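Residues per chain are reported as follows:
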Amino acid sequence: VLNEVKIALPSSVLMYDLDITDRPYTPLGEVSVSVTKLNPWGEDPTQADAEAKLKEEAVKKGADALIYVRYTKVGASYNRWSGIEGKAQAVKFSRY
């Protein structure tokens, strides 16, 4: 017996700043990423870089969407020059 396997692509993950009120969903937990610039010669990480990593992590959890998406810029420290952190709640839609 073969089971159907669905492979989700990061580009298929929907992102929302607030809650979703028009579709029922099951929360899967928080997703958080950090994108950093490790030396002074590289380009500063962007919000798009953090968004891509958030979507990758969401796919790993089996999520259809991310809600309450937030980004925070982080400054220099002993192990990085700059960076951006992203956080969101991963959710799986109950029905479409």
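So, how was this worked out
Residues numbered from 1 in each chain as written. Predicted model: local features only at pLDDT ≥ 70, side-chain atom pairs only at ≥ 80, totals over all residues. Heavy atoms only, no water. Core = buried A, V, L, I, M, F, W, Y, C linked by side-chain atoms within 4.5 Å. Buried < 20%, exposed > 50% of the residue type's maximum accessible area, 1.4 Å probe, protein only. Helix = DSSP H or I, 4+ residues; strand = E, 2+ residues; numbered from the N terminus. Contact = heavy atoms within 4.5 Å. Phe/Tyr/Trp six-rings, centres within 6.5 Å; stacked < 30°, edge-to-face > 60°. Lys NZ or Arg CZ within 6 Å of the ring centre and 35° of its normal. Polar contact = N/O pair within 3.5 Å; in protein donor to acceptor, adjacent residues only side chain to side chain. Pairing = 2+ DSSP bridges. Axes fitted to C-alpha atoms, helices over the stretch in contact; angles between N-to-C directions.

J.: Explain the nonpolar core to me, please; I cannot follow it from the model alone.
T.: Looking at soluble globular proteins, one finds that nonpolar side chains tend to be buried together. In this structure, Val13, Val31, Val33, Leu54, Ala58, Ala63, Leu66, Val69, Ala88 and Ala90 together form the largest nonpolar core, which totals ten residues. Among the secondary structure elements, those contributing two or more residues to this core are strand S2 (25-37), helix H1 (47-61), strand S3 (65-74) and strand S4 (82-93). Contact partners of valine 33, with chain neighbours within four places excluded, come to Ala50, Lys53, Leu54, Glu57, Ile84, Glu85 and Gly86. One finds Ile20, Ile67, Val91 and Phe93 within the second-largest nonpolar core, a separate group that totals five residues.

J.: I tried to follow the packing of aromatic side chains on my own but got confused; where do I start?
T.: Think of a pair of aromatic rings as described by two things: how far the centres are apart, and how the planes are tilted against each other in angle. Inspection of every chain in the model, using the stated rule, returns zero aromatic pairs. Cation over ring: arginine 23 sits above phenylalanine 93, and NZ or CZ is 3.8 Å from the ring centre.

J.: Help me understand the side chain of serine 82 in this model?
T.: The topology assignment puts serine 82 in strand S4. With relative accessibility at 16%, the residue serine 82 sits in the buried group. A distance of 3.1 Å separates a polar atom in the side chain of serine 82 from a polar atom in the side chain of aspartate 44. Excluding anything up to four places from it in sequence, serine 82 contacts Val35, Thr36, Lys37, Asp44, Pro45, Val74 and Gly75.

J.: Even after reading the chapter, I still don't get the sheet that holds strand S1 (residues 14-15), so can you show me in this structure?
T.: One key point about sheets: their strands pair by backbone hydrogen bonds, in either a parallel or an antiparallel sense. Ordered by their spatial adjacency, four strands build an open sheet running S1-S3-S4-S2, and the pairing between neighbours is mixed. If you trace the sheet from one side to the other, it starts and ends with S1 and S2, each paired once. The pairing of S3 with S4 spans eight bridges and is classified as antiparallel. Looking at the pairing, alanine 65 lines up with valine 91 of S4. In the packing of H1 onto the sheet, contacts are made with S1, S2, S3 and S4, and the angle to S2 comes to roughly 140 degrees.

J.: Even after reading the chapter, I still don't get the pairing of S3, so can you show me in this structure?
T.: As a general feature of sheets, a regular strand has side chains that alternate between the two faces. Here S1 pairs with S3 via two bridges, running parallel. Bridged to methionine 15 within S3 is leucine 66.

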